[in-house]
Amino acid sequence: MTDARTETPPPGAPAIRVTTMPADANPYGDIFGGWLMSQMDMAAGLVASRHSKGRAVTIAVDAMQFLAPVAIGDEVSVYAELVKTGRTSMTIEVEAWRRDRHVEEQCRVTKARFVFVAIDEARKPRVIEDGRG
């Protein structure tokens, strides 16, 4: 297992970057895991919708383990990368990183693999066009 403090964020810009607020936290000032997971789902959804050129829905999330806490006022950056495409599905690896607003050092707080399915207007799976004509 690698030490998250010695890692660096993935290359490129995050799909989402947000500052955590008091409404996102429990009475002790720690950010809810569900809030963080929803940010990751939104980031993966952006990638899935763009790739499939339409609506896509989450159908699965692989094991998620929280490696470090996130506090009120932290900046959270969520990175999402498409790693596999099927006929109607997409697998997206997502990582969330936190940064105290007064320092540059970042720490990975969790990662997971999200699976999305492209759907049509009737909410039925649709084929993802590969763009190769």
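What counts and how
Residues numbered from 1 in each chain as written. Predicted model: local features only at pLDDT ≥ 70, side-chain atom pairs only at ≥ 80, totals over all residues. Heavy atoms only, no water. Helix = DSSP H or I, 4+ residues; strand = E, 2+ residues; numbered from the N terminus. Buried < 20%, exposed > 50% of the residue type's maximum accessible area, 1.4 Å probe, protein only. Contact = heavy atoms within 4.5 Å. Areas by Shrake-Rupley, 256 points an atom, 1.4 Å probe, with all protein chains shown as cover. Lys, Arg positive; Asp, Glu negative; His and termini not counted. Charge placed at Lys NZ, Arg CZ, Asp CG, Glu CD. Pairing = 2+ DSSP bridges. Axes fitted to C-alpha atoms, helices over the stretch in contact; angles between N-to-C directions. Core = buried A, V, L, I, M, F, W, Y, C linked by side-chain atoms within 4.5 Å.

Attention now moves to the overall build of the protein chain. Along the backbone of the protein chain there are one helix and five strands. Along the first, second and third principal axes, the C-alpha set of the protein chain runs to 50 × 30 × 25 Å. Within the protein chain, the proportion of its 133 residues that are buried is 38%. Put simply, of all contacts in the protein chain between residues at least 6 apart along the chain, 69% involve residues at least 24 apart. Here the protein chain has roughly 8200 Å² of accessible surface; of this, 52% comes from carbon and sulfur atoms. Here the protein chain contributes 17 positive and 18 negative side-chain charges, whose respective centroids are spaced 6 Å apart.

Attention shifts here to the pairing of strand β5 (residues 106-118). Of all 13 residues making up β5, ten are buried, and the element is well covered by its neighbours. Summarising the sheet, strand β4 (residues 89-99) and β5 pair through eleven bridges and their orientation is antiparallel. Across the sheet, the residue bridging to Trp97 is Arg108, located in β5. The antiparallel hairpin formed by β4 and β5 contains six residues in its connecting segment.

Turning our attention to the sheet that holds strand β1 (residues 16-19). Across the sheet, which stays open at both edges, the five strands sit in the order β1-β3-β4-β5-β2 with antiparallel pairing between neighbours. Each having just a single partner strand, β1 and β2 (56-61) make up the two edges of the open sheet. Pairs of neighbouring strands in the sheet enclose a mean axial angle of 30°, with direction left out of account. Taken together, the four bridges between β1 and strand β3 (residues 75-85) define a ladder with antiparallel strand orientation. In the strand pairing of β3, Val18 is matched with Val76. Those strands touched by helix α1 (residues 33-52) are β1, β2, β3, β4 and β5, and its axis lies near 50° from that of β5.

Our focus in this paragraph is the nonpolar core. Formed by 26 residues in total, the largest nonpolar core has its most connected members in Leu36, Met40, Val78 and Phe116. Every element with two or more residues in this core is listed here: α1, β3, β4 and β5. In contact with Leu36, other than residues within four places in its own chain, are Phe66, Val70, Val76, Ala96, Val109 and Thr110.

Turning next to the pairing of β4. When you tally the buried positions in β4, you get eight out of eleven residues, the bulk of the element. For β3 and β4, the ladder comprises ten bridges, and the chain directions are antiparallel. If you follow Val76 over to β4, its bridge partner there is Arg98. Here β3 folds back onto β4 in antiparallel fashion, the turn holding three residues.

The next thing to look at is the environment of Phe32. Take Phe32: it is sitting in the loop between β1 and α1. Counting along the chain gives 39 residues from Phe32 to Ala71, while the straight-line C-alpha distance between them is 9.4 Å. The residues contacting Phe32, other than those within four sequence positions of it, are Ala23, Asp24, Ala25 and Asn26.

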